[in-house]
Number of protein chains: 2
Amino acid sequence: MASHHSERRLAVSRDEIARLLERHRVLEAMAHQQESPRRDLLEQLQHKQNVAELGKRLRVMHAADIAYVLESLPPDDRLAVWRQVAPEQAGDVFVEASDAVRRFLVSEVGDEAMLPLLARLDAEDLAYVAESLPEELSARAYAALEATQRSLFDDSLQYERTQIGHHMTREWVEVDDRQTVGDVLHMLRTRGGLPPQTDNVLVVDARHVLRGLIPLPALLVQDPRTPVAGLVTEEVASFSPHDEAASAFGVFERYDLVSAPVIDERGKLVGRLTVDAVMDAMREASSLQVLRSAGLNQDEDLFASLWDSARNRGPWLAINLVTAFISSRVIGQFEGVIQQLAALAALMPIVASIGGNTGNQTMALVIRSLATDQPHPHRGRQMLNKELTIGVVNGVTWGLLVGVFAIIIYAQLGLGLVMAGAVLLNLVIAAVAGVAIPLALHAVGRDPAHGASVLLTFITDAMGFFLFLGLARVFLV
Amino acid sequence: MASHHSERRLAVSRDEIARLLERHRVLEAMAHQQESPRRDLLEQLQHKQNVAELGKRLRVMHAADIAYVLESLPPDDRLAVWRQVAPEQAGDVFVEASDAVRRFLVSEVGDEAMLPLLARLDAEDLAYVAESLPEELSARAYAALEATQRSLFDDSLQYERTQIGHHMTREWVEVDDRQTVGDVLHMLRTRGGLPPQTDNVLVVDARHVLRGLIPLPALLVQDPRTPVAGLVTEEVASFSPHDEAASAFGVFERYDLVSAPVIDERGKLVGRLTVDAVMDAMREASSLQVLRSAGLNQDEDLFASLWDSARNRGPWLAINLVTAFISSRVIGQFEGVIQQLAALAALMPIVASIGGNTGNQTMALVIRSLATDQPHPHRGRQMLNKELTIGVVNGVTWGLLVGVFAIIIYAQLGLGLVMAGAVLLNLVIAAVAGVAIPLALHAVGRDPAHGASVLLTFITDAMGFFLFLGLARVFLV
């Protein structure tokens, strides 16, 4: 039976490595305790065996799995495992590892030890990891490239991280449409292999302009004497290298693509975007989105320094503190009223919180609609109408509920009515803000998911306090 | 030059359709205004032309694009466009459309009109859309299937929506490992076509147990006389039909897969998981996660009924209201203190809000680590140590800052010190809760991303109020 790369198998490998590392630590600790150059021979042998076993285990693992294991290990264990990675695997593991792990390895292992590894990488992989390398090391690795590889490297780096040009590969198979299927098959056999995730061959003309593509299965199932011209699919999903990488996921998903040609403005073929790169970009964007919505600039290594953590979390906390200060000053204007009726202080967070919650619901739906739906001229108004209606209905329902709560607790009809009114008004404001903020951010070309929530919560907090305490001043004291 | 399915081209199609629909509405409105059976002949002609143009435009569009356009149209326009979809395209469009659009179409068009469309679907597609159909209609469509198709249908439905069995296809190409490359190529040619997203042929033994696979490129580049046995890759990433669909994304991404075999516990081949299904499942899961984190159970159609919206948003608002009521009662216990020092009411939301923000940051990092990292025995303690350290550092920094703010505004040293102390203590609590809540949810097998934020905000709110007002009672009044 075939052996399977499954999650279960990866787990077994991880447990095995954890066991070996545990033993590694014990042996190291024993060696230290003896604190002597006279280290027990048997123990040295044990240690050697242990290390050899670790190396053996790693050699049968996929590079991506080793990278995955490295990421989750504390610094000492990371180095112990990295030292046992076979030289022919080390390049792949380095490319597959996260940026944080790559920086860690470079700083621990040193430039001299990294150079041979970098020299084994092709230009595209080197460009991909270049950001994680110190400038000097990156320059030395570049200098070691051949001339053709250097121009590939330069080409890779001319695009932004968010652009398709950064994520595309420059490996593809192209054919001439005057050939037969047999000619193409012969060419492929001579070539001896295909680039990864090749599901079609690209048909170009003499000026290198893309004319269409032929799916591999078509080549397989046709008689070798068939001319390829009749097999060319001319309806092709294609990209510009300047397109946003994030937009590719939707297109790949909609048309069920495995790879798609990338062409410049004159229609010339400049690259190929493959589904694995699209999935990587999507994964990165989606995890970044989750972290950002919690107010973090980026992911944090479990073993990150205190300083790195502070820089990651500080800016968001500072912004929130400023908005909290302003809300606090809004309340401060009503201290006289609160002194007369302390119940207001206990009830006001309810008004603010229900506004924030409904506003965030509205905003999540608007952001999703902006991301997936077709833009049309009346969309903004339609969404506003819908959310205002729901805001009023919710405002009446929840307003009555919290009003009754206030009346039960404080036995004051007026307090209940003021509370209900403030909730209703704040939900209307939350609906307007929940629609307007993402639409405005989207209109000026900014990501509506980033930062919108702080702004909205600020508005519903400040307005919630202002409406409730203001109404109380007018009607109650 | 080849024509390209690009985002730009889709946008042109959409604008074209919007224009035709606009004209459609104008003509309908004119017909109504005349309120007569004597409708102007020229106008009727215009209307017919308009409809014909719409149909023509739709016929050159990809089914997925039409579904995408349908989703973004208001009910009337949706029906106008749907009526012009060609019968041979309608099935694909229906399958590609969202669940909400499918339900809408069925309820508007009626069972009788749906049956011929459903009869054109294969068993897998029918099973896929069955959830959106009324029971009776689904039973009638099932009855119309052939016996073999029926068993395929039953097979599809035996898995949960979250399991790989629900997302896999039952179409693949299998070969015998005693053949040559030429034999396989001949078989493929006789077959006449390959299932979508076929990047390999699967090698099975007589008992239908998977032995490995051969990538298509290997078949293309090898001499036809080569025996396939030598080409079989035995290291295969495979899945069980009972595995979680969400776990497949990571495996496809890690090993750059286009398709992977699905095998039962005895190693027998039961299906094939393709990258498009994995991307669909990922997209669904990730958008659901964003909506849930804002307190919505599911996505909402822009044209959803008020009742559907209320059911979608209500539960979360109700839970939040309960926690807000409890926090309000915590404050209520300190009304005497607030009466004596109304400044407390203005400052207390700052203590609560900074606790909530730092706690949510911690929680996002812990959830991400739970989702991506290798579990190891000391992880919980390591994370807690790290977050506690950061909590104390943040607590001292931000505590001093808000303390100084309070002193400047209210000119009371004691108030500033109480404020700083409360912030420090609340940040320690936020760090503990931010680590403990997701770990606890994860330990009992629940999704740590869902609902964790309400619980955390509740704790930091209630404790923030309690600590600040409690310290004030002890030290200030």
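Position numbers for residues count from 1 along each chain, tracking the sequence in the order it is written. Written order determines the labels here, with chains lettered from A and ligands numbered from 1. The predicted origin of the model limits local features to residues at a pLDDT of at least 70 and limits the giving and counting of side-chain atom pairs to 80 or more, whereas totals for whole chains, interfaces and linings rest on all residues. Excluded from the side-chain calculations are hydrogens and water; all other atoms, namely the structure's heavy atoms, are used.

### Section: the overall build of chain A
Put simply, the rule reads: Note on conventions: DSSP H or I runs of at least 4 residues are helices, E runs of at least 2 residues are strands, and numbering of each starts at the N terminus. Atoms counted for the radius of gyration: C-alpha only. Globule rule: 2.2 Å times the number of residues to the power 0.38. Each residue is placed in one exposure class: buried if its accessible area under a 1.4 Å probe, protein chains only, is under 20% of its type's maximum, exposed if it is over 50%, and partly exposed if it falls in between. Contacts were defined at the residue level, with two residues in contact if any of their heavy atoms lie within 4.5 Å.
Of regular secondary structure, chain A possesses 21 helices and seven strands. Its C-alpha atoms give chain A a radius of gyration of 31 Å, clearly above 23 Å, the size a compact globule of 477 residues would have. For chain A, the C-alpha atoms occupy an extent of roughly 90 × 80 × 50 Å along the three principal directions. When each of the 477 residues of chain A is scored for burial, the buried share is 52%. Within chain A, residue pairs in contact and separated by at least 24 positions form 64% of the contacts whose partners lie at least 6 positions apart.

### Details of the relation of the copies chain B and chain A
Note that the two copies of the chain are related through a rotation about an axis and a translation along the same axis. For clarity, the threshold we go by: Least-squares superposition aligns the copies on the C-alpha atoms of those residues with pLDDT at or above 70 in both.
With an RMSD of 0.2 Å, chain B superimposes on chain A once it is rotated by 180 degrees and translated 0.1 Å along the axis. Given the turn and translation reported, the copies of this chain are related as if by a two-fold rotation axis. Within chain B, the C-alpha atom positioned nearest to the axis of rotation is that of Gln339 of chain B, 2.1 Å from it. The share of interface residues of chain B whose copies in chain A are also at the interface is 100%, consistent with both copies meeting through the same surface.

### Remarks on the interface of chain B and chain A
Formally: Summed over both partners, buried area is the accessible surface (1.4 Å probe) that two parts give up on being assembled. The term salt bridge refers to a pairing of a side-chain nitrogen on Lys or Arg with a carboxyl oxygen on Asp or Glu at a separation within 4 Å. Any pair of N or O atoms that falls within 3.5 Å is considered a polar contact. Within protein, one atom must be able to donate a hydrogen and the other to accept it, and sequence-neighbouring residues count only if both atoms are side-chain atoms. As a working rule, the residues Ala, Val, Leu, Ile, Met, Phe, Trp, Tyr, Cys and Pro are called nonpolar, Asp, Glu, Lys and Arg charged, and the rest polar, with Gly in that last group.
Each partner contributes to the interface: chain B provides 133 residues, whereas chain A provides 134 residues. Summing both partners gives a buried area of about 11800 Å² for chain B against chain A, and 61% of it is carried by carbon and sulfur. Summed over the shared surface of chain B and chain A, the number is six salt bridges. Counting across the chain B and chain A interface gives 25 residue pairs in polar contact (both at pLDDT 80 or more). Its residues assigned to classes, the side of chain B that touches chain A comprises 71 nonpolar, 37 polar and 25 charged.

### Some thoughts on the nonpolar core
The cut-off we apply is this: Take the buried residues of types Ala, Val, Leu, Ile, Met, Phe, Trp, Tyr and Cys, join any two whose side-chain atoms come within 4.5 Å, and each joined set is a nonpolar core.
Ranked by size, the top nonpolar core spans 76 residues in total, and within it Leu347, Ile350 and Phe468 of chain A together with Leu347, Ile350 and Phe468 of chain B carry the most contacts. If we ignore the near neighbours within four places in the chain, the residues touching Ile350 of chain A are Val402, Phe405 and Met419 of chain A together with Leu321, Ala324, Phe325 and Ser328 of chain B. The next biggest cluster of nonpolar side chains, apart from the first, holds 42 residues, and it includes Tyr255 of chain A together with Ala245, Val278 and Met282 of chain B.

### Remarks on the sheet that holds strand S2 (residues 174-175) of chain A
Residues and elements named next belong to chain A. To keep things clear, this is the line we draw: Two strands qualify as a pair provided DSSP detects at least 2 bridges between them.
Within the open sheet, the three strands sit side by side as S2-S3-S4. Their pairing is mixed. Bordering the open sheet on either side are S2 and strand S4 (210-215), each of which pairs with just one other strand. In this sheet, strand S3 (residues 200-204) lies alongside S2 in parallel orientation, the contact comprising two bridges. Residue pairing in the sheet places Glu174 in a bridge with Leu202 of S3.

### Thoughts on the side chain of Glu335 of chain B
Applicable threshold: Counting rule applied: Lys, Arg positive; Asp, Glu negative; His and chain ends not counted.
Positionally, Glu335 of chain B belongs in helix H17 (residues 335-340). Although Glu335 of chain B lies buried, it forms no salt bridge, and the closest oppositely charged side chain, Arg329 of chain B, sits 4.6 Å away as judged by the N-O distance. Filtering out sequence-adjacent residues up to four positions away, Glu335 of chain B remains in contact with Ala342, Ala343, Ala346 and Tyr410 of chain A.

### Re the pairing of strand S7 (residues 269-274) of chain B
Residue and element names in this part refer to chain B. Here S7 lies mainly inside the structure; five of its six residues are buried. For strand S6 (residues 259-263) and S7, the ladder comprises five bridges, and the chain directions are antiparallel. Counterpart to Pro261 in the pairing with S7 is Arg272. Counted along the chain from S6 to the antiparallel partner S7, the turn is five residues long, and its residue Gly267 has a positive phi close to 85 degrees.

### Focus: a negative patch on the surface
The cut-off we apply is this: Like charges are joined within 9 Å and nonpolar side chains (Val, Leu, Ile, Met, Phe, Trp, Tyr) within 5 Å, but only among residues with over 30% relative accessible area and no salt bridge; these make up the patches. In these tables, accessible area is a Shrake-Rupley quantity obtained with a 1.4 Å probe, and a residue counts as shielded only by the protein chains included in the view. Taken as the charge location is NZ of Lys, CZ of Arg, CG of Asp or CD of Glu.
On the surface, a cluster of negative charge is made up of Asp92, Glu96 and Asp280 of chain A together with Asp256 of chain B. Take Asp280 of chain A: it is sitting in helix H15 (residues 275-293).

### Looking at the packing of aromatic side chains
Residue and element names in this part refer to chain A. Rule in force here: By convention, a stacked pair of Phe, Tyr or Trp rings (six-membered ring in the case of Trp) has centres within 6.5 Å and planes under 30 degrees apart, an edge-to-face pair has planes over 60 apart, and any other such pair is tilted. Any Lys NZ or Arg CZ found within 6 Å of a ring centre and within 35 degrees of that ring's normal is scored as a charge over the ring.
According to the stated counting rule, one finds 10 aromatic pairs over all chains in the structure shown. Look at Tyr142 and Phe153: their rings are 5.1 Å apart centre to centre, the planes differ by 55 degrees, and that puts the pair in the tilted class. Placement of Tyr142 in helix H9 (residues 135-143) and of Phe153 in helix H10 (residues 147-157) is noted, with a sequence separation of 11 residues between them. Relative accessible area serves as the criterion here: at 6%, Phe153 is assigned to the buried category. Of note, Arg78 hangs over the ring of Phe104, and the distance from its end group to the ring centre comes to 5.0 Å.

### Some thoughts on the pairing of S3 of chain A
All names here are of chain A. Note the cut-off: The handedness rule is simple: strands pointing away from the viewer, and a clockwise path from the first strand over the helix to the second, make the crossover right-handed.
The element S3 is extensively covered by neighbouring structure, given that five of its five residues are classed as buried. On S3, burial covers both faces: Asn200, Leu202 and Val204 on one face and Val201 and Val203 on the other are all buried. Between the parallel elements S2 and S3, the chain passes through helix H12 (residues 181-191) in a crossover that is right-handed. In textbook terms, the turn of a hairpin is the stretch between consecutive antiparallel strands, and for S3 and S4 this stretch comprises five residues, one of which, His208, has a positive phi near 75 degrees.

### Let's talk about the confidence of the model for chain A
Where the model shows low pLDDT, its predicted coordinates should not be examined in detail. Convention followed: Values of pLDDT, which run from 0 to 100, indicate the predictor's confidence residue by residue.
Summarising the model, chain A shows a mean pLDDT of 84, and 92% of its residues fall at 70 or more. Prediction confidence for the complex, expressed as pTM and ipTM, is 0.77 and 0.76 respectively.

### Notes on the sheet that holds strand S3 (residues 200-204) of chain B
One open sheet accounts for three strands, arranged S2-S3-S4 (chain B); its pairing is mixed. This sheet does not close on itself; its edge strands, each paired only once, are strand S2 (174-175) and strand S4 (210-215) of chain B.

### A short note on the side chain of Asn426 of chain B
Residues and elements named next belong to chain B. Examined against the element boundaries, Asn426 turns out to sit in helix H20 (residues 413-443). A relative accessible area of 0% means that Asn426 is categorised as buried. Side-chain polar atoms of Asn426 contact the backbone oxygen of Val351, separated by 3.1 Å.

### Brief notes about the packing of helix H16 (residues 306-332) of chain B against helix H21 (residues 452-475) of chain B
All names here are of chain B. Spelled out, the test is: Inter-axis angles, ranging from 0 to 180 degrees, are taken between N-to-C directions of lines fitted to C-alpha atoms, where helices are fitted over the stretch in contact. Angles below 35 degrees are treated as roughly parallel, those above 145 as roughly antiparallel, those between 65 and 115 as roughly perpendicular, and all remaining angles as oblique.
At a minimum axis distance of 9 Å, the contact between H16 and H21 shows a crossing angle of 10 degrees. Taken together, the axis directions place H16 and H21 in an arrangement best described as roughly parallel. Residues Trp316, Ile319, Asn320, Thr323, Ile326, Ser327, Val330 and Ile331 of H16 form the contact with H21, whose own contacting residues are Val454, Phe458, Asp461, Ala462, Phe465, Phe466 and Leu469. Among the residues forming the contact of H16 with H21, the class breakdown is 11 nonpolar, three polar and one charged.

### A short note on unusual backbone geometry
All names here are of chain B. The backbone of Gln197 shows a phi angle near 55 degrees, a positive value even though the residue is not glycine. With respect to the element layout, Gln197 can be found in the loop between helix H12 (181-191) and S3. Gln197 gets classed as buried once you look at its relative accessible area, which sits at 11%. Phi at Asp256 takes a positive value of approximately 50 degrees, unusual for a residue other than glycine. The topology assignment puts Asp256 in the loop between helix H14 (245-255) and S6. Given a relative accessible area of 32%, Asp256 falls into the partly exposed group.

### Examining the pattern of salt bridges
All names here are of chain B. As enumerated under the stated definition, the model contains 30 salt bridges over all chains in all. Two residues, Asp223 and Arg225, come together in a salt bridge whose shortest N-O distance is 2.8 Å. Residue class for Asp223 comes out partly exposed when judged on its relative accessible area of 30%. Notably, a salt bridge pairs Asp308 with Arg311, separated by 3.0 Å at the nearest N-O pair.

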